[in-house]
Amino acid sequence: MKLTAWAVERDSERGRDVHLLVTVEAESDAPRAPVALNLVLDRSASMRGAPLAAAVEAAQLLVERASSKDYLGLLAFDGVPEQLVPLRPMDAEARTELAEALSAMQAGEGTALHEAVESGAAAVRRLFVPGARPKMLMLTDGEPSVGPRSLADFRTLGGKVAESGITLHALGLGRHYLPEILEALTGPAGTGFTHVDDAEGLPVAAAALVAELFGEVGTDARLYVKPMGFSELLCRHRYPARVEGDALSAGLGSLSNAFARRALFTGRLELADWTLGVTTTWTENGDTRRVTVPVQRVLPDSPEGRFIRAVGSELDLVAAESAAWKALVRRNPIAAEQSLKVAEEALRELVRLAVDEVPAKRHVERLTDLKLAVERRAGELPALVVRRARAADAHTGLSIIQPAIPIRKAGN
């Protein structure tokens, strides 16, 4: 693992703050663990046609990328979930069976989302493959219409899935799915969810997820930060965090050699003389690793200092953007305008900092859409951009912003 911890001290409205950015990144050549993955695919009526065809193409990518040590299964759901292919090692026979089941997929009626996740997780739990990582990948374009539908039900379910050791990933397609539900399901696992505008973008988004799913080298990663000389310490990213003795810990979940994990902490100083002790633990090849990470103090205008500031500004931006949309939903235009101003100032700060790893341009289009909605005080909000904003918030809040990975076409 490549581990870094940078700390920058700056003045704030409340006194003197220290911002600590910890990065945990697997080596690119680290051997990955096999996975036991159940693909949970929505085949409700709204998926009929191009969406279902694109979903099948994306699922075929999983089959192509899987090694013979990986176990894959397929659960399809409309009003009723059905495990079409049990989790099996991806030998030639299993690949053929899975490819045929995907090709024969037909759309039905209803969306039993809650039961589908329950059933998919139960199938994963029933199988033990030594060394393999239990996972689920869910793709849906619709709101639940059968079974439990409340956000509280899905929060409880997401927590239970994560507690059972299963990592749940999700793709939300188009205009109809509820981002709050996908966030509730994936948040406890530390994954967040991915938004796709339309069927054309699905294969590319799936390729990025495949890189993450088939790149995992460590699990149960956790950071421990012990402050001395501070009056308070806050984990800015929305990882599951808790106080443990004299340290604040944050669970990072799985570590992939495709994407780094980052966690930003902000602390208010009580003393001029301060220290931060940082320790990282994770499980790799069945062994628990524990490493102390030396903290390097950097200047605000150094490359590292600017990077820390950019990460903080991006967190502020997406949080304010999400708050503005929520305010519009609640018919509170004044609160929406205030949140928009915060988001726009954060965007301007990203432009000023000009950090390549945290580009401002990926937020411009969404904030433009938000500004138009606030100015018009539209009675009906554009569902697509609301879902896009919520997905950006979920991903940024868990520090797993994924670059687009072009899908390779057959024969190339």
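Below, the structure is looked at part by part. (Residues numbered from 1 in each chain as written. Predicted model: local features only at pLDDT ≥ 70, side-chain atom pairs only at ≥ 80, totals over all residues. Heavy atoms only, no water.)

### Let's talk about the packing of helix α1 (residues 50-65) against helix α2 (residues 92-103)
- In the contact formed by α1 and α2, the axes pass within 10 Å of each other and the chain directions differ by 175°. In this view, α1 runs roughly antiparallel relative to α2, as classed from their interaxial angle. Contacts from V56, A59, Q60, V63 and E64 of α1 reach α2 at R95, L98, A99, L102 and S103.
- Taken together, the residues that form the contact of α1 with α2 break down as six nonpolar, two polar and two charged. (Axes fitted to C-alpha atoms, helices over the stretch in contact; angles between N-to-C directions. Helix = DSSP H or I, 4+ residues; strand = E, 2+ residues; numbered from the N terminus. Parallel < 35°, antiparallel > 145°, perpendicular 65-115°, else oblique. Contact = heavy atoms within 4.5 Å. Nonpolar A, V, L, I, M, F, W, Y, C, P; charged D, E, K, R; others polar.)

### Some thoughts on helix α4 (residues 151-163)
- Given a rise of 1.5 Å per residue, 13 residues ought to cover 18 Å, and the 18 Å separating the end C-alpha atoms of α4 matches this to within 8%.
- Looking at α4, one finds that the buried residues are F154, L157, G158, G159 and V161.
- Those residues of α4 hidden inside the fold are in contact with α3 (113-125), β7 (167-173) and α5 (179-186).
- G165, located one to two residues past α4, shows a positive phi value of around 95°. (Expected span 1.5 Å × (residues − 1). Buried < 20%, exposed > 50% of the residue type's maximum accessible area, 1.4 Å probe, protein only.)

### Some words on the packing of aromatic side chains
- The full count for this structure, using the stated rule, is three aromatic pairs.
- Considering the side-chain rings of F230 and W274, the 5.8 Å spacing of their centres and the 75° angle between planes classify their relative orientation as edge-to-face. Taken as a pair, F230 in strand β10 (residues 230-235) and W274 in the loop between β13 (261-269) and β14 (275-284) lie far apart in primary sequence, 44 residues in all. Of the two residues, F230 and W274, both sit in the buried class. (Phe/Tyr/Trp six-rings, centres within 6.5 Å; stacked < 30°, edge-to-face > 60°.)

### Quick word on the sheet that holds strand β9 (residues 216-228)
- With antiparallel pairing, the five strands of this open sheet are ordered in space as β11-β12-β9-β14-β15. Of all the strands in the sheet, just β11 (241-244) and β15 (287-293) have a single pairing partner and so form its edges. In this sheet, neighbouring strand axes are inclined to one another by 25° on average, regardless of whether the strands run parallel or antiparallel.
- Summarising the sheet, β9 and β14 pair through eight bridges and their orientation is antiparallel. Each bridged residue has a counterpart across the sheet, and for M228 the counterpart in β14 is T275. (Pairing = 2+ DSSP bridges.)

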